Structure formats: C-alpha cells, structure tokens
Amino acid sequence: MLTCPSKIAEDILSHSQSNPQKTTIIDLFAGAGGNSIAFALSEKWDRVIAIEKDAATLACAQHNAAVYGVADTITWVHGDSLDFLARLKDRGGKGGLDHSLQVDPARTCLFASPPWGGVSYRDQDVFDLSTMEPYNLATLHDACRPMGHALYLPRTSDLRQIAKLAPAGRKIEVVQYCMEGASKAMVVYIPASE
Ligand SMILES: C[S@@+](CC[C@H](N)C(=O)[O-])C[C@H]1O[C@@H](n2cnc3c(N)ncnc32)[C@H](O)[C@@H]1O
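Everything numeric in this text was worked out from a predicted model, so none of it was measured. (Residues numbered from 1 in each chain as written. Predicted model: local features only at pLDDT ≥ 70, side-chain atom pairs only at ≥ 80, totals over all residues. Heavy atoms only, no water.)

Let us look at the side chain of Lys22. Mapped onto the elements, Lys22 comes out in the loop between α1 (3–15) and β1 (24–27). At 8.7 Å, Asp104 is the nearest oppositely charged side chain to Lys22, a buried residue that forms no salt bridge. Ignoring any residue separated from it by four or fewer positions in sequence, one finds Lys22 in contact with Ser16, Trp45, Ala106, Arg107, Thr108 and Cys109. (Helix = DSSP H or I, 4+ residues; strand = E, 2+ residues; numbered from the N terminus. Buried < 20%, exposed > 50% of the residue type's maximum accessible area, 1.4 Å probe, protein only. Lys, Arg positive; Asp, Glu negative; His and termini not counted. Salt bridge = Lys/Arg side-chain N within 4 Å of Asp/Glu carboxyl O. Contact = heavy atoms within 4.5 Å.)

What follows covers the sheet that holds strand β7 (residues 182–190). One open sheet holds the seven strands; their spatial order is β3-β2-β1-β4-β5-β7-β6, and the pairing between them is mixed. Looking at which strands have only one partner, the edges of the open sheet turn out to be β3 (74–78) and β6 (173–179). Across this sheet, the average inter-strand angle for adjacent strands is 20°, counted without regard to direction. Note: β1 against strand β2 (residues 47–52), four bridges, orientation parallel. (Pairing = 2+ DSSP bridges. Axes fitted to C-alpha atoms, helices over the stretch in contact; angles between N-to-C directions.)

Moving on, we get to helix α2 (residues 34–42). For α2, the full list of buried residues reads Asn35, Ser36, Ile37, Ala38, Phe39 and Ala40. Positive phi shows up at Glu43, right after α2, with a value of about 55°.

Okay, the pairing of β2 next. By the criterion of burial, β2 is predominantly enclosed, with five of the six residues buried. In terms of handedness, the path from β1 via α2 over to β2 forms a crossover that is right-handed. Note: β2 against β3, five bridges, orientation parallel. For Val48, the partnering residue across the bridge sits in β3 and is Ile74. For the crossover that starts at β2, traverses helix α3 (residues 55–67) and ends in the parallel β3, the hand is right-handed. (Right-handed = clockwise from strand over helix to strand, strands pointing away.)

Applying the stated criterion across every chain yields a total of five salt bridges. Close ionic contact of Asp83 with Arg87 constitutes a salt bridge, the shortest N to O distance being 3.6 Å. In this pair, Asp83 and Arg87 are both assigned in helix α4 (residues 81–90), four residues apart and thus about one turn of the helix distant. The shortest N-O distance in the salt bridge between Arg145 and Asp142 comes to 3.6 Å.

As structure tokens, then:
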C-alpha cells in the first residue's frame, strides 16, 4: 500500500526542481522499501539509491521492489547511511566509495525516514527531537546538510527546533501527511546549506 509514499515522492520531486535539477535521490533508511519503491515507480529520477543496514530488512525491500517491478532500477546498499554521508562529504561525492555510488551532491537530494526511538512521541504533546534515538534532529541534519533533505518525522515534532535549521534567507516547508483526516507523520523539506 503505497499511498503516502507516493504522495511524498511527488512532493519531493516538486521540491527538487531547483537549479541545478536534481537527478539522484538517496533513501537513507530504506527499511522495507516503501519510499524507495515509490521513487522508482515515479520514473523521474536517473538514480534511486536505497541504503539499509539490516541485511534481512534489505532483502525484504528487494523482494517488495521485485513485486512492484522496480528491483533492478534501484541501487541497493547494505550499509550505514551516516557512514555513507561522511564519505560523500570527504571528497565531494567520491570519498572512497565504489564508482557506482559516487554522486554529484549538487544534483542529489536525500530522504530520511529514521527510527523514532527513545522517549515515545505519543507521550508528548510536542515531541522533543533532541531525544529521538539513535539519531536526533541535529545528528541527522549535520549529516545531510550539504544536500537538500526531506526528513520523515513524528507528527508532533517541535517546529521551533526545525525552524532553527533554515539556512539564511531560506524557508523550510513542513507537510503533514494525513489519512482519514488524521496526521500520520510530517515531512520537513530542508534546503542544502554549508
Ligand atoms: C523507520 S524504518 C524505515 C521505513 C521505510 N521508509 C519503509 O518504507 O519501510 C528505519 C530503518 O532504518 C534502518 N537503519 C537504522 N539505522 C540505519 C543506518 N545508520 N543506516 C542505514 N539504515 C539504518 C533500520 O534497520 C530500519 O529498517
């Protein structure tokens, strides 16, 4: 059931029409593949790279992508996405990575649907993103910031913490994704910054 991932895929595309046009999308926490599959099904990206650190989950994502007929159009990476991003920063997209994984940061955007561990967001009216585990907002943003990034976060996430990440003179767009009238999650669209 790809309803929400398809809408997110559409919205990421509309945020990526900037100059230069983005041609690669990296799903940093691919999980069972829902978002990567939606990106591939859109047929708007030259490259979809899906990273997942758990081998069994990655196998499940590959199976799901095969069901949707897009397994071969996604580049699958069994690894740690934060390590991958650190290597990209290292040498402007090369960073000792395999040739197939080298990307042009100016033409790449990132999507992150991280684990929402730690204190449950359900127990807080406003979710303190500094408590999210194992990666809090600051960790995710620091890792992603050279590229535009879309973060999939709990629906009650603290908007004041998010607003502080806006690069000078730029805005962050926040979209609540609802089903049957109730928000399921928000995605924050953060422009690239130094
Ligand atoms: C919330 S799930 C992602 C769900 C996914 N969007 C989907 O549609 O199924 C988070 C995933 O991130 C993976 N993960 C956690 N830390 C990671 C890391 N450092 N690098 C890559 N994957 C990671 C977990 O194994 C888990 O499968």
